[in-house]
Amino acid sequence: MLRADAVPAQTLRERLLHAGLLIETGVEGVYGHSAAFETVLAGCNAYAGRMGAADGAEVLRFPPLLNRTVAERNRYAAAFPQLGGHVFSFDGDDDDHQRYVGKLLRGEDCSCELTMTRSVLTPAACYPVYPALAARGPLPAGGCVIDVLGECFRHEPSAETARLQSFRMREYIYLGDAGRALAFRDLWMERSAGLLRDLDLPGELAVAHDPFFGRLGARLADAQVDRKLKMELVIPIGPDARPTACMSFNCHLDHFASIWDLTQADGTVAHTACVGFGLERLTLALFSRHGLAVAAWPAGLRGALGL
Ligand code: ATP
Ligand code: ZN
Ligand code: MG
């Protein structure tokens, strides 16, 4: 049940904008945020950190740009061509420059005046981890857990308040043996019940699949669902809104490890699993359920968020 003072779905986006918590940029799913929004988001991030504290994860941080060859080796364009974002820049001479600026001034398409750079926008916070760990050599005995937080981009423009093109993802990634990878994923699904309790959010675990592109993609999605490789913690954002994934629990089997030659201490191929928090979505879920005035939120909730 939503609290009586919860923000109605149809007005959530408008009320967040009106309160200045979200700042319109003119691009769907791309928002600025107020200090209050950022404080709650930081509280969600800190809460995620406490959830994972017992695992002794190694902290790594990467920028919002990913080496293009990493996305290519992960076959991102084969699976999700619709979501990717490449960085293009100008790389011409004076004549090219004049033509480019002329097209801009006339409002013409100038995309062919730009050249692909070596970077793409990071689509998932865990992507830079696999090559970085593979470069170290075999994994330690028992595997390891990595903690990342990063800005992610997905080209999925939408009017839905919680479907953003630019958002922050906190992730924990296990790299090691198959049994422990599965256990890690299952442990985090258990832990998520505590998050719902502490943050007083309605939600449930659901079987999910990635939005693989096209006809072939539908088969990949079916296989993922059959094997329950992707689970989500879905929380309604606004009373009428569809439950939205605020956390994901992913078993990759040896998918990334095979691509990156990630081996265990005994030389066999590793398995990996990751758990991801959508920090904007968790923050939006909190405003949706508890109202826009953080000072009026229950003391226990503010305590859990360190507010
Ligand atoms: P969805 O099914 O809603 O598209 P997803 O399956 O694509 O989500 P993941 O790829 O598992 O999500 O990403 C990890 C987490 O990042 C998600 O659980 C969600 O909280 C967040 N996330 C994913 N896509 C978006 C988005 N477009 N806007 C905001 N947060 C997102
Ligand atoms: Zn991941
Ligand atoms: Mg998605």
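Keep in mind that what you see is a predicted model, and the values were worked out from it rather than measured. (Residues numbered from 1 in each chain as written. Chains lettered and ligands numbered in written order. Predicted model: local features only at pLDDT ≥ 70, side-chain atom pairs only at ≥ 80, totals over all residues. Heavy atoms only, no water.)

Undergrad: Is there a simple way to think about unusual backbone geometry in this case?
TA: For residues besides glycine, phi is generally negative; the peptide bonds are generally trans as well. One non-glycine residue with positive phi stands out, namely lysine 228, at about 50°. Its location among the elements puts lysine 228 in the loop between helix H8 (214-226) and strand E10 (230-236). Residue aspartate 261 is not a glycine yet carries a positive backbone phi of 55°. With respect to the element layout, aspartate 261 can be found in the loop between helix H9 (255-260) and strand E12 (271-278). (Helix = DSSP H or I, 4+ residues; strand = E, 2+ residues; numbered from the N terminus.)

Undergrad: So what exactly am I meant to see when it comes to the nonpolar core here?
TA: One broad rule of soluble globular proteins: the nonpolar side chains tend to lie buried together. Core analysis: the largest hydrophobic core is formed by 79 residues, its most contacted members being Leu175, Leu195 and Phe277. Element by element, the count of residues in this core is highest for helix H2 (residues 35-51), at seven residues. Discounting residues that sit within four places of it in the chain, leucine 175 has contacts with Val129, Tyr130, Leu133, Leu139, Gly143, Cys144, Ile146, Leu262, His271 and Thr272. (Core = buried A, V, L, I, M, F, W, Y, C linked by side-chain atoms within 4.5 Å. Buried < 20%, exposed > 50% of the residue type's maximum accessible area, 1.4 Å probe, protein only. Contact = heavy atoms within 4.5 Å.)

Undergrad: Would you explain the site of ligand 1 in this entry?
TA: Neighbouring residues of ligand 1: 15 residues in total, closest Arg154, Glu156, Leu164, Lys230 and Ser248. One nitrogen or oxygen atom from the side chain of arginine 163 is found 2.9 Å from an oxygen atom belonging to ligand 1. Residue alanine 245 places a main-chain N or O atom 2.8 Å away from an oxygen atom belonging to ligand 1. Contact with the protein chains covers 91% of the free accessible surface of ligand 1, which is 580 Å². Taken together, the elements giving at least two residues each to the shell around ligand 1 come down to strand E8 (166-176), E10 and strand E11 (243-253). Broken down by element, the residue count for the shell around ligand 1 peaks at four residues, all from E11. A breakdown of the residues in the shell around ligand 1 according to their chemical character gives seven nonpolar, two polar and six charged. (Near = heavy atom within 4 Å. Polar contact = N/O pair within 3.5 Å; in protein donor to acceptor, adjacent residues only side chain to side chain. Areas by Shrake-Rupley, 256 points an atom, 1.4 Å probe, with all protein chains shown as cover. Nonpolar A, V, L, I, M, F, W, Y, C, P; charged D, E, K, R; others polar.)

Undergrad: Looking at this structure, how should I read the domain arrangement of the protein?
TA: It is common to give the size of an interface as the accessible area that goes away when the parts come together. Here the protein is partitioned into domain 1 (9-85 + 123-305) and domain 2 (86-120). Taking only C-alpha atoms, the centre of domain 1 and the centre of domain 2 are 34 Å apart. Taken together, the contacts link eight residues of domain 1 with seven residues of domain 2. Approximately 650 Å² of surface area, both sides summed, lies buried where domain 1 meets domain 2, with 53% of it carried by carbon and sulfur atoms. (Domains from an automatic or database assignment. Buried area = accessible area lost by both parts, 1.4 Å probe.)

Undergrad: Which parts of the structure should I look at to understand empty space enclosed by the protein?
TA: To find leftover empty space, a probe the size of one water molecule is rolled over the atoms. For the coordinates displayed, the defined rule picks out one cavity of 30 Å³ or more. Approximately 40 Å³ is the volume attributed to the largest cavity. In terms of lining, the largest cavity is formed by Phe62, Pro63, Pro64, Thr122, Ala125, Pro128, Val148, Leu149, Gly150 and Glu151. Partitioning the lining of the largest cavity into residue classes produces seven nonpolar, two polar and one charged. (1 Å grid on protein atoms, 1.4 Å probe; cavity = no way out; pocket = protein on both sides within 12 Å on 5 of 7 lines; lining within 4 Å. Points joined across faces, edges and corners; volume = space filled by probe spheres on them.)

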